[in-house]
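# Secondary and tertiary structure notes
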Amino acid sequence: MRLDRFVVKSTELTQQQAIELIHQAKIYINNVAVVDEAIQVHENNDIQLDGQKLVTRPFRYILINKPANTLCSNADGVYPSLFSLLDVDRLSELHIAGRLDADTTGLVLITDDGRWTFSITSPSKKCNKVYRVTLVKPIAVDAAERFLQGIALQGEQGLTLPAQLKVLAPQEVLLTLTEGKFHQVKRMFAAIGNKVVSLHRQSIGTVNLDVELGDWRYLTTDEIQSFL
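To keep things clear, this report deals only with the structure shown in the data block. Within each chain, residue numbers correspond to sequence positions counted from 1 in written order. It should be noted that, the model being predicted, local features are given only for residues of pLDDT at least 70 and side-chain atom pairs only at 80 or more, the latter also being counted only at that level, while totals for whole chains, interfaces and linings use all residues. Just so you know, side-chain values use all the structure's heavy atoms and leave hydrogens and water out.

## A closer look at the pattern of salt bridges
Stated precisely, the cut-off is as follows: Put simply, a salt bridge is a Lys or Arg side-chain nitrogen that is within 4 Å of an Asp or Glu carboxyl oxygen. Secondary structure counts use DSSP, requiring at least four H or I residues in a row for a helix and at least two E residues in a row for a strand, with both numbered from the N terminus. Burial classes: relative accessible area under 20% of the type maximum marks a residue as buried, over 50% as exposed, and values in between as partly exposed (1.4 Å probe, protein chains only).
Counted according to the given criterion, the structure contains 18 salt bridges. We note a salt bridge from Glu43 to Arg115, for which the minimum N-O separation is 2.2 Å. On the criterion of sequence distance, the pair formed by Glu43 in the loop between β2 (32-33) and β3 (47-49) and Arg115 in helix α3 (residues 114-121) is long-range, its members being 72 residues apart. Arg115 matches Glu43 in its accessibility class, with the two residues each being exposed.

Right, here's the structure in full:
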């Protein structure tokens, strides 16, 4: 975690206030004054302000069922921010662990733990994300094989990672991905001559969506640990 974020998460200071204190050499790491707010700090570091050891507040891990026409953003835009549905303190400390497009619904994970987010979003971690996809046209008979081999997306070098496709009905499928390129699901189906009508994420790893549209809950300890 960056030093300025650590200070914010262990005090009532704003990020700007934390940066100012760091620049004033008021923050000590292992008894050495540090003036670089971007330096990375770790659990075993002794970080002090005015002689007091700083300890971060516990990380938070939230599951929410995203409605359509909401943004995976900390601020409102053309549509309202997904965070407007949360009734929690210090919203500015939270971020999305794997964004969805404004018109896409379903499971979104929200946290203030950057390392945990990496274990979900990095393709190297091979974390499965399952989407229910409704299509304009019946799915091609060779689609599952093509998705498994990888799809060439316009503007991208190389193929997508292998993806699993399960046909539920001629125009409805389940797609399992381990990566999250920009508009990836829509672009993959466009690449094989089809178009996505609706898109809904129903699971990430072993965590399944189990709350109503627009509702949220904290993850259980087992759910949190499943990504570590």
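## A few points about the sheet that holds β3
The pairing of strands in a sheet comes from backbone hydrogen bonds and takes either a parallel or an antiparallel form. How we decide: Only strands that DSSP links by at least two bridges are regarded as paired with each other.
Across the sheet, which stays open at both edges, the four strands sit in the order β2-β1-β3-β4 with antiparallel pairing between neighbours. Single-partner strands in this sheet number two, and they are β2 and β4 (52-53). Inspection of the sheet shows strand β1 (residues 27-29) paired to β3 by three bridges, in the antiparallel sense. In the sheet register, Ile29 faces β3, and the bridge partner there is Ile47.

## Quick look at the packing of helix α1 (residues 3-10) against helix α2 (residues 15-23)
Note the following rule: Each axis is a line fitted through C-alpha atoms, and for a helix only the stretch in contact is used; angles between axes span 0 to 180 degrees, taken between their N-to-C directions. Convention used here: angles under 35 degrees read as roughly parallel, angles over 145 as roughly antiparallel, angles from 65 to 115 as roughly perpendicular, and any remaining angle as oblique. Here a crossing is taken to be left-handed if its near helix is turned anticlockwise relative to the far helix by less than a right angle, and right-handed if that turn runs clockwise. Two residues form a contact once any of their heavy atoms are found within 4.5 Å.
In the contact formed by α1 and α2, the axes pass within 9 Å of each other and the chain directions differ by 120°. The angle between α1 and α2 places the two elements in the oblique class. Judged by the twist between their axes, the crossing of α1 over α2 is right-handed. Residues Leu3, Asp4, Val7 and Val8 of α1 touch α2, and the partners they reach there are Gln15, Ala18, Ile19 and Ile22.

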